[in-house]
Structure formats: C-alpha cells, structure tokens
Amino acid sequence: MTLGETGITSAEEVAGEVTSEVNRITQYCQAHLPDIINFGIKVVLALVFFFIGRIVIRWLQKLVEHSLQRGNADRGVIQFISSLLKFSLYALLVFIIATNLGIESSSVAALIASAGVAIGLALQGSLANFAGGVLILLMKPFVVGDYIIEDTQKNEGTVKEIQIFYTKLSTVDNKIIVIPNGTLANSSLTNVTARPERQLDLRVNISYQADLKKAKSLLEELLAKDTSVIHDEDSTVFVDSLGDSAVTLGLHAWVKTADYWNTRCRLLEKIKLAFDKEKVEMPYHQLAVHMYQNIKEESKSPQQADGASNLQRSKLRGL
C-alpha cells in the first residue's frame, strides 16, 4: 500500500467516525426533543419571570418607601428597610425560579441552608456590619443629613445613605466615603450637627505693645454687630493666655449650626481689617538680636576696635 492510499484510508476512517458521532447526536436529539423543548421553554419563562419580578420588586420598594414617608419615618430607616426588602425579595425570586425549573423545593431549601451557614462563616464582618446598621437605626447616634467625624480614621462628611452594610458620607469637596456600619457602631464619632446651635470659639494674638482694652472693645463691637451671632446667649471676649511673643485673646459666641463656618470666616476677616484700621498690632514670629559694647569707641585703640569687631561677629555667628 502506498503512502497516498494510507492517507486516503485514514481520512475515510476519520470521516466515518465523525459521521457516526453526528448520527448519534441527531438520534439523541430526536429522542429527547420534547424534553429539550420543555427545558428551553422553562428557561425563557424563567427569564421573563425574572424581569417581571424585578419590576414588581421596584414597585414594592417604592410603595414601602412612600408608606414610611407618609408615616414620617426617619430617612435612614427608610433607606435601610428598602435595602433589606430588596435583598429579601430577590432571594425569594431566585427560589421561585429554581423550583419552576424543576429543582425540588426541599433541595433548594437545603442548599440555601448550607449556603447560609458557609456564607455566615465567610462573611462574619458583613454580618457585623448588618448588626451595626440595626444598632445605628435603633440608637440613632446620627441620621441622614448630619455631619459626622469618624474618630478612628478621621473620615468626615454629611451622611447621605444608611444601607444594610454600609453608610455613605459626602465630603465638602463632593467625594463619597463608604464606611462599614460595624465600624461606626463600635467606635467613637463626633456628630457636629446634632444640635441646632454651636459655640464659635476663636483665638486672636496681639502684641504686648498693643492696647489690650482697645482690642477687646473692637472684638466686642464686632460680635454685637454680627447678625449671625445669637445675642440671647452669652458672648464673651477674654484674655486666654500670655505667650512668649503675644497676648492671646479668646472669643466665645453662639451661632446656628448651619451658619457656623460662614460666620467664622467672616469674623476673622473683619477682625483683621478692624485691627489694621485701628493700628492694633498682630505679631508674627521674629527674632530680636541685642548687641552690647563695654568699651567706649573713643577710648579704643585700632587693635582694640578690630578685636571688638571680631568679637561681635563671633557672637552673631553663634546666634
């Protein structure tokens, strides 16, 4: 047998094997065609049911949110319940679809239980975050709209959302910070806007040569004229400390929490302009050098004068 005849024989064998496999697959499909069609219909129906279920879940979410809003529920509670409802309804939807595909409900339930145990062990942190979210909603250390400072990592911002596992903060420069609820529930934090009023605390330095009474009078006048200062509350101007190079004046006043930063910036600007106008010196860090001469210039010889000059230069270099 020649080489060409061997190649033709091998090709015929391969073609025969392929033909037999195709025939086998064709026979299998013909024998199980009803089952394949049924399964395809179930898959299509499952997809249709899933998309319809998504629409129903969204509608139920909006319905529950509107009901809670009419009941004057806290915004954070509404967001938390909405997230929890969405998670639960999607789990139920997947369970229904699985049973409609022919999977026994007992098997699905056992699978969910086993998966729940495994997921619970793997996601202990997430469960802690869930518990932290519940504690936040019950204890209410803050609500949506509050400005908080998380003391552990020094994250701060306005609370925008309280979800199942995380709380979202919006910073002053419009960044979004996502913090786990477990961290917020188990660490200290500062709620800046918990009260409607906030004390404004300022410190201003004046030099020791400045008129102290005049400076205090200017500060008191600025406080009395500022419209954002709550005049029913006590406003005080006092000497806070005597520093190395300045007298520190303190200023306490009460303002509305929403007006705190605007009032602070405005008062600092007015204080600087008023002190400049009234010639009240505000010191800055400086070094004063005092030079002493024990020998009169007229009694010095040229050699002594040169020696004194060298001594002065040595002292300056030492400073």
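Going by the structure above, here's the rest.
Residues numbered from 1 in each chain as written. Predicted model: local features only at pLDDT ≥ 70, side-chain atom pairs only at ≥ 80, totals over all residues. Heavy atoms only, no water.

## Some remarks on the overall build of the protein
Looking only at helices and strands, the protein features nine helices and eight strands. Within the protein, the proportion of its 319 residues that are buried is 24%. Considering only residue pairs separated by 6 or more positions, the protein has 64% of its internal contacts joining residues 24 or more positions apart. Carbon and sulfur atoms make up 59% of the accessible area of the protein, which totals about 22000 Å². (Helix = DSSP H or I, 4+ residues; strand = E, 2+ residues; numbered from the N terminus. Buried < 20%, exposed > 50% of the residue type's maximum accessible area, 1.4 Å probe, protein only. Contact = heavy atoms within 4.5 Å. Areas by Shrake-Rupley, 256 points an atom, 1.4 Å probe, with all protein chains shown as cover.)

## Focus on the pairing of strand S4 (residues 176–180)
Only one face of S4 is covered, namely the one carrying Ile177 and Ile179; the face carrying Ile176, Val178 and Pro180 has none of its residues buried. Here strand S3 (residues 166–170) runs beside S4; their pairing, made up of five bridges, is antiparallel. Looking across to S4, one finds that Leu169 is bridged to Ile177. Linking two consecutive strands that pair antiparallel, namely S3 and S4, is a turn of five residues; a positive phi of about 65° is found at Asn174 within it. (Pairing = 2+ DSSP bridges.)

## Looking at a nonpolar patch on the surface
Side chains of Val44, Val48, Ile52, Val56, Trp59 and Leu63 sit close together on the surface and give an oily, nonpolar patch of about 550 Å² of accessible area. Mapped onto the fold, Trp59 is located in helix H2 (residues 33–70). (Patch = residues over 30% accessible without salt bridge, like charges linked within 9 Å, V, L, I, M, F, W, Y side chains within 5 Å. Salt bridge = Lys/Arg side-chain N within 4 Å of Asp/Glu carboxyl O.)

## Describing the packing of helix H7 (residues 212–225) against helix H8 (residues 260–277)
To characterise two packed helices, one gives the angle between the axes of the helices and the distance between these axes. The interhelical angle for the contact between H7 and H8, taken along N-to-C directions, is 140°, at an axis separation of 10 Å. Taken as axis vectors, H7 and H8 run oblique relative to one another. Crossing hand, H7 versus H8: right-handed. Each of Ala215, Leu218, Leu219, Leu222 and Leu223 in H7 lies in contact with H8, whose residues at this interface are Leu267, Lys270, Ile271, Ala274 and Phe275. When the residues that make up the contact of H7 with H8 are grouped by side-chain class, the tally is nine nonpolar, no polar and one charged. (Axes fitted to C-alpha atoms, helices over the stretch in contact; angles between N-to-C directions. Parallel < 35°, antiparallel > 145°, perpendicular 65-115°, else oblique. Left-handed = near helix turned anticlockwise from the far one by under 90°. Nonpolar A, V, L, I, M, F, W, Y, C, P; charged D, E, K, R; others polar.)

## Overview of a negative patch on the surface
Together, Glu197, Asp232, Glu233 and Asp234 make up a region of like negative charge exposed at the surface. Within the secondary structure layout, Glu233 lies in the loop between H7 and strand S7 (236–242). Since its relative accessible area comes to 33%, Glu233 is described here as partly exposed. (Lys, Arg positive; Asp, Glu negative; His and termini not counted. Charge placed at Lys NZ, Arg CZ, Asp CG, Glu CD.)

## What about the sheet that holds S4?
On the basis of which strands lie adjacent, the open sheet formed by five strands has the order S4-S3-S2-S1-S5 and antiparallel pairing. Two strands close off the open sheet at either side, each with one partner strand: S4 and strand S5 (189–191). Taken over all neighbouring pairs, the strand axes of this sheet differ in orientation by 40° on average, direction set aside. Sheet analysis places strand S1 (residues 147–150) next to strand S2 (residues 155–162), joined by four bridges and oriented antiparallel.

## Quick word on the sheet that holds S7
Pairing is antiparallel in the open sheet, where three strands are placed in the order S6-S8-S7. Every interior strand has two partners, whereas the edge strands, strand S6 (197–206) and S7, have only one. If you compare each strand with its neighbour and ignore which way they point, the axes differ by 25° on average. Bridge analysis of S6 against strand S8 (residues 247–256) gives ten bridges, and the strand direction is antiparallel. Within S8, the position partnered with Leu200 by the bridge is Ala253. The strands touched by H7 within the sheet are S6, S7 and S8, with S8 carrying the most contacts at an inclination of about 10°. Along the sheet, H8 contacts S6 and S8; its crossing angle with S6, the most-contacted strand, is approximately 25°.

## Description of the packing of aromatic side chains
Centre-to-centre distance and the angle between the planes together describe a pair of aromatic rings. Per the counting criterion, the structure on display carries three aromatic pairs. Judged by centre distance (6.5 Å) and plane angle (50°), the rings of Phe50 and Tyr90 are tilted. Highlighted residues: Phe50 in helix H2 and Tyr90 in helix H3 (residues 75–100), separated in sequence by 40 residues. On the basis of an interplanar angle of 90° and a centroid distance of 5.1 Å, the ring pair of Tyr260 and Trp261 is categorised as edge-to-face. The class of Trp261 is exposed, set by a relative accessible area of 55%. Put simply, the rings of Phe50, Phe51 and Tyr90 pair up and form one aromatic cluster. Here Arg198 stacks its cationic end above the ring of Tyr260, 3.7 Å away from the centre of that ring. (Phe/Tyr/Trp six-rings, centres within 6.5 Å; stacked < 30°, edge-to-face > 60°. Lys NZ or Arg CZ within 6 Å of the ring centre and 35° of its normal.)

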